Amino acid sequence: MGRLVKTLRSQRLTRFGVLLAILALTGCAATTPTPTPVPSATPDEPTPTATLTPTLEPTPMVTVLELWLPEELDPYGEQNGSQVLRSQLAEFSDAYPSLQVDVVVKKAHGRGGLVDFMRTARDAAPAVLPDLVVLDASDLDTVAGSELVEPIDDFMASSAGDDRFPIASVMGNVGGQTTGAVLGVDLQHLAYRPASFESAPVTWTEVISAPAPFLFPAGGIDGRVNDATLIQYLGAGGRLTDAEGNPSLDEDTMIDVFDFYSRCITNTVIAPTQVLTATHVDQVWERFKEGEGGMTTVRASRYWVEADDAMAPAPIPTKDGQTISIGRGWALAMVTDAPARQEPAMLLIDWLTAPNRNARWTQATGYLPPTRSALRLWDVPEEERTVLLGLLEAAVPPPRPLVMEAIGPPMQQALESLLSGRSTPEEAADSAMERLQR
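The rules behind these values
Residues numbered from 1 in each chain as written. Predicted model: local features only at pLDDT ≥ 70, side-chain atom pairs only at ≥ 80, totals over all residues. Heavy atoms only, no water. Salt bridge = Lys/Arg side-chain N within 4 Å of Asp/Glu carboxyl O. Helix = DSSP H or I, 4+ residues; strand = E, 2+ residues; numbered from the N terminus. Buried < 20%, exposed > 50% of the residue type's maximum accessible area, 1.4 Å probe, protein only. 1 Å grid on protein atoms, 1.4 Å probe; cavity = no way out; pocket = protein on both sides within 12 Å on 5 of 7 lines; lining within 4 Å. Points joined across faces, edges and corners; volume = space filled by probe spheres on them. Patch = residues over 30% accessible without salt bridge, like charges linked within 9 Å, V, L, I, M, F, W, Y side chains within 5 Å. Areas by Shrake-Rupley, 256 points an atom, 1.4 Å probe, with all protein chains shown as cover. Lys, Arg positive; Asp, Glu negative; His and termini not counted. Charge placed at Lys NZ, Arg CZ, Asp CG, Glu CD. Pairing = 2+ DSSP bridges. Axes fitted to C-alpha atoms, helices over the stretch in contact; angles between N-to-C directions. Contact = heavy atoms within 4.5 Å. Phe/Tyr/Trp six-rings, centres within 6.5 Å; stacked < 30°, edge-to-face > 60°. Lys NZ or Arg CZ within 6 Å of the ring centre and 35° of its normal.

Asker: Which parts of the structure should I look at to understand the pattern of salt bridges?
Answerer: Think of it this way: side chains of opposite charge can pair up when their charged atoms draw near. A full pass over the atoms with the stated rule returns 13 salt bridges. Close ionic contact of Glu393 with Arg372 constitutes a salt bridge, the shortest N to O distance being 3.0 Å. Of the two residues, Glu393 is situated in helix α16 (residues 382–394) and Arg372 in helix α15 (residues 372–376); the sequence distance between them amounts to 21 residues. Of the residues examined, Arg372 reaches a relative accessible area of 22% and is grouped as partly exposed. What emerges from the salt-bridge pattern is a single network uniting Asp186, Asp282, Glu286, Lys289, Arg299, Arg302 and Glu306.

Asker: What should I look at first to understand empty space enclosed by the protein in this one?
Answerer: Here the idea is plain: a probe the size of a water molecule rolls over the atoms and shows the empty space left. Under the definition given, this model contains one cavity of 30 Å³ or more. As for the largest cavity, its lining consists of Leu85, Gln88, Leu183, Leu352, Arg357, Asn358 and Trp361. Of all elements in the fold, only α2 (80–95) and α14 (355–365) reach the threshold of two or more residues within the lining of the largest cavity. Here the element with the most residues in the lining of the largest cavity is α14; it accounts for three residues.

Asker: Any chance you could explain a negative patch on the surface here in plain terms?
Answerer: On the surface, Asp259, Glu426, Glu427, Asp430 and Glu434 cluster together into a patch of negative charge. Counting residues per element, the negative patch draws most heavily on helix α18 (residues 425–437), at four residues. With respect to the helices and strands, Asp259 occurs in helix α9 (residues 251–266). Here Asp259 falls in the partly exposed class, since its relative accessible area comes to 32%.

Asker: Looking at this structure, I do not really get the sheet that holds strand β11 (residues 328–334). What am I missing?
Answerer: Strand pairing in a sheet takes place through backbone hydrogen bonds and is either antiparallel or parallel in direction. The strand order β2-β1-β3-β11-β6 describes an open sheet built from five strands, whose pairing is mixed. Bordering the open sheet on either side are β2 (99–106) and β6 (181–186), each of which pairs with just one other strand. The average undirected angle you get between the axes of adjacent strands in this sheet is 15°. With two bridges connecting them, strand β1 (residues 63–70) and strand β3 (residues 132–136) associate as parallel partners. When the sheet's bridge partners are listed, Trp68 is paired in β3 with Val133. Sheet strands in contact with helix α3 (residues 114–124) are β1, β2 and β3, and its direction is about 135° off that of β3.

Asker: What is the right way to read the side chain of Gln188 from this model?
Answerer: Summarising the element assignment, Gln188 is placed in strand β7 (residues 188–192). Not counting chain neighbours up to four residues away, the residues in contact with Gln188 comprise Asp227, Ala228, Ile231, Val281, Thr297, Val298, Arg299, Ile316, Ser325 and Ile326.

Asker: Would you mind showing me how to read unusual backbone geometry here?
Answerer: With the exception of glycine, the majority of residues adopt a negative phi angle, and the majority of peptide bonds are in the trans configuration. Of note, Asp222 is a non-glycine position whose phi angle comes to about 55°, a positive value. Here Asp222 lies in the loop between β8 (214–215) and α8 (227–235). For Asp222, a relative accessible area of 74% gives the class exposed. At Thr268, a position not held by glycine, the phi torsion is positive, near 60°. For Thr268, a relative accessible area of 63% translates into the label exposed.

Asker: Would you mind going over the packing of aromatic side chains with me for this structure?
Answerer: Aromatic rings considered in pairs are described by the distance between their centres and by the relative angle of their planes. Within the structure shown, the criterion is met by 14 aromatic pairs. For the ring pair Phe260 and Tyr261, a centre distance of 5.5 Å and an interplane angle of 40° mean the geometry is tilted. Geometrically, the ring pair formed by Trp285 and Tyr303 is tilted, given 5.9 Å between the ring centres and 55° between the ring planes. In this pair, Trp285 sits in helix α11 (residues 281–289) while Tyr303 sits in helix α12 (residues 300–306), placing the two residues 18 residues apart along the sequence. Like Tyr303, Trp285 is buried. Taken together, the ring pairs connect Trp204, Phe214, Phe216, Phe260 and Tyr261 into an aromatic cluster. Geometry around Trp68 places Lys106 over its ring, the cationic atom sitting 4.9 Å from the centre.

Pasting the structure below:
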């Protein structure tokens, strides 16, 4: 401002000097000069000065990205994972000053949940839909079929898929297109007390002869068999569908699984009442933390934030020690179909899924990383990283809802009949086949 004022004043003085020179020359040429009276300045009237308007820097336009999150991932909570996510969202806005993130937290499932609200908003008030949403990965089929989310393959580097674990690729894919970037994988594995075992029990033989009880949920969820028994069935080579994709069960494999449970009961490794009263894997984990049992099934999202030094992880024991689990988790999906908003939305997806940030967030929450790069950044002993690598490489997606509706109840009823002593392994498997065919 000072330099501008000073320059304008200099220009005024120069013009005044030129005017005097012109008047002098004009006076020399005139024969009868007529003096022009010069008005005297009035002391009370200051000489007018130029009024300057300061030049304002243009304010950059700020794009606000709306992100819907499930309550389980609420960044305003007090858990470590909440604080990490809150910090990463703030760092994103610092890195991109023209972008801000507005977070809305909703229920993950059911009426008034994320999917329900998205459907309602699309029909009644599409303007309130978010730019991005984090969903249970099992809901991607539903929202993609309703055209509520956009494929993101065109925004991703062609090599991005090479780093993802198979389970993350499958979970984020609908109809051959990537519709969700998986943030974290949850699956069940074994937690055991190393003090009671010479090595991790990974086969049925090692469990049957174990010196301490085996805890797992056998009570079923909504009348359907738990993941713990499904994993045993799949690990023994069982299939849930036939060649045409219809729900199907392998009777011989079920007999093998039920015979394993029966032999564990005989050796007092499984207490029927104890496992039948547990309907959710979190229930047996709580008992295990209180000192019950020598090994238990547990969700990764609980174990990796709650386990103590007296515990160790391993795959769930299977017939021949084959590692397998059922993967679930959270996926970040793009909702906006506006090209001008899709690019900044993808910046946020890339930001949150970058290996360094994803490693920090997954280790804070207990969810497992969707990429090998992020797993390499976890701060865990190398033997534990090896266990996690094996689990993530071998994990499979959960059965489709229609398949689970068909095979879940027959398997659960057969399991309860076996554990309660009403049926032999062969009778239990036969009854499951009969119910499936009805």
